[in-house]
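Structure at a glance
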Amino acid sequence: MGIYLKLIWAYIKIGIFGFGGGYAMLSLVEKSVVGPGWITETMFTDIVAISQMTPGPIGINSATYIGYVAPGSVNPAFASPLWGLLGSVLATLAVTVPSFLLVLYSAHFIRRHNESGVIKAIFSGLRPVVVGLIASAAIMLMNSANFNPYNIDWQLWVNIAICAISFCLAYFPIRIGKKKIRLHPILIIVAAGITGFLIYG
């Protein structure tokens, strides 16, 4: 049962110190779950991809999924779905309850002191930290597990091309006649998935 206590403690820390939302906390999540060997780096990047495609915040989605797979990965005795479900519930509660309580208290406190110079200075210091954490998460995901898991050169360049084209389709509008159309992210996800299936399937 030690894995469940470790999951709870890891996600309590993530819930307390995960400033800036899901993307900002990814590096903290990676260190907390990949570092102890609960899941592999490849599994972590897969979890991030799944968490981004499914509805809901990425931090909570990843906690639910990691809570499900980590117990069975650490101890085969906990490989059944019921043990996984228990891990999901515990990890999800551990990451959400501290955040909920912090936001509940801090919102009341900030509302009372929103003109305070100290509060303004704290937020001025937090903004660049959040940007740095999100940039750190982006850099962390640019690894071999994402772009070249099988160490095959042509796959690396194909994956880089898929990434670059997806970014361009999401960021730059497409001109059709006199109209500019921006593709919906769901269409880009589906197109990337179909492309991956056709190339690697």
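Structure's up top.
Residues numbered from 1 in each chain as written. Predicted model: local features only at pLDDT ≥ 70, side-chain atom pairs only at ≥ 80, totals over all residues. Heavy atoms only, no water.

The next thing to look at is the overall build of the protein chain. Counting its secondary structure elements, the protein chain contains nine helices and two strands. Seen in sequence order, the protein chain has helices and strands lined up from the N terminus as α-α-α-α-α-α-α-α-β-β-α. For the protein chain, the spread of C-alpha atoms along the three principal axes comes to 55 × 50 × 25 Å. Residues counted as buried form 28% of the 201 residues belonging to the protein chain. If you take every contact in the protein chain between residues at least 6 apart in sequence, the share linking residues at least 24 apart comes to 55%. Here the protein chain contributes 12 positively and 5 negatively charged side chains, and the mean placements of these two sets differ by 18 Å. (Helix = DSSP H or I, 4+ residues; strand = E, 2+ residues; numbered from the N terminus. Buried < 20%, exposed > 50% of the residue type's maximum accessible area, 1.4 Å probe, protein only. Contact = heavy atoms within 4.5 Å. Lys, Arg positive; Asp, Glu negative; His and termini not counted. Charge placed at Lys NZ, Arg CZ, Asp CG, Glu CD.)

Bringing a nonpolar patch on the surface into the picture now. Taken together, the side chains of Tyr68, Leu82, Leu85, Val89, Leu93, Val97, Phe100, Leu101 and Leu104 define a hydrophobic patch exposed on the protein surface, amounting to about 900 Å² of accessible area. Among the elements that line the nonpolar patch, the one with the most residues is helix H5 (residues 81-112), at eight residues. The residue leucine 93 is located in helix H5 in this model. (Patch = residues over 30% accessible without salt bridge, like charges linked within 9 Å, V, L, I, M, F, W, Y side chains within 5 Å. Areas by Shrake-Rupley, 256 points an atom, 1.4 Å probe, with all protein chains shown as cover. Salt bridge = Lys/Arg side-chain N within 4 Å of Asp/Glu carboxyl O.)

Turning next to unusual backbone geometry. One non-glycine residue with positive phi stands out, namely asparagine 151, at about 60°. As for its position among the elements, asparagine 151 is in the loop between helix H7 (144-147) and helix H8 (153-171).

As for its placement among the helices and strands, isoleucine 119 is situated in helix H6 (residues 117-141). A C-alpha to C-alpha distance of 45 Å links isoleucine 119 and glycine 193, two positions 74 residues apart in sequence. Other than its neighbours up to four places away in sequence, isoleucine 119 contacts Phe109, Ile110 and His113.

Further remarks concern the side chain of serine 88. Turning to its location among the elements, serine 88 is positioned in helix H5. For serine 88, a relative accessible area of 7% gives the class buried. Of note is the side chain of serine 88, whose polar atom sits 2.7 Å from the backbone oxygen of threonine 64. With residues up to four places along the chain from it excluded, the contact list for serine 88 reads Thr64, Gly67 and Tyr68. (Polar contact = N/O pair within 3.5 Å; in protein donor to acceptor, adjacent residues only side chain to side chain.)

Attention shifts here to the nonpolar core. Counting 28 residues, the largest nonpolar core has Tyr11, Leu26, Val29, Val33, Ile39, Phe44 and Ile66 as the members making the most contacts within it. Sorting the residues of this core by element identifies helix H1 (2-17), helix H2 (22-33), helix H3 (41-53), helix H4 (58-74), H5 and H6 as the ones contributing at least two each. Considering each element in turn, this core owes the most residues, six residues, to H1. (Core = buried A, V, L, I, M, F, W, Y, C linked by side-chain atoms within 4.5 Å.)

Evaluation of the coordinates by the stated rule reveals six aromatic pairs. Plain terms: the ring middles of phenylalanine 167 and tyrosine 171 are 5.5 Å apart, the flat faces sit at 10° to each other, and that makes the pair stacked. Here phenylalanine 167 pairs with tyrosine 171, and both are found in helix H8, just four residues apart, close to one helical turn. Tyrosine 171 sits in the exposed class, given a relative accessible area of 52%. A ring pair is formed by tyrosine 171 and phenylalanine 172, whose centres lie 5.0 Å apart and whose planes are at 85°; its orientation type is edge-to-face. Under the relative-accessibility criterion, phenylalanine 172 is labelled partly exposed at 43%. Among the aromatic residues, ring-to-ring pairing joins Tyr4, Phe78 and Trp83 into one connected group. (Phe/Tyr/Trp six-rings, centres within 6.5 Å; stacked < 30°, edge-to-face > 60°.)

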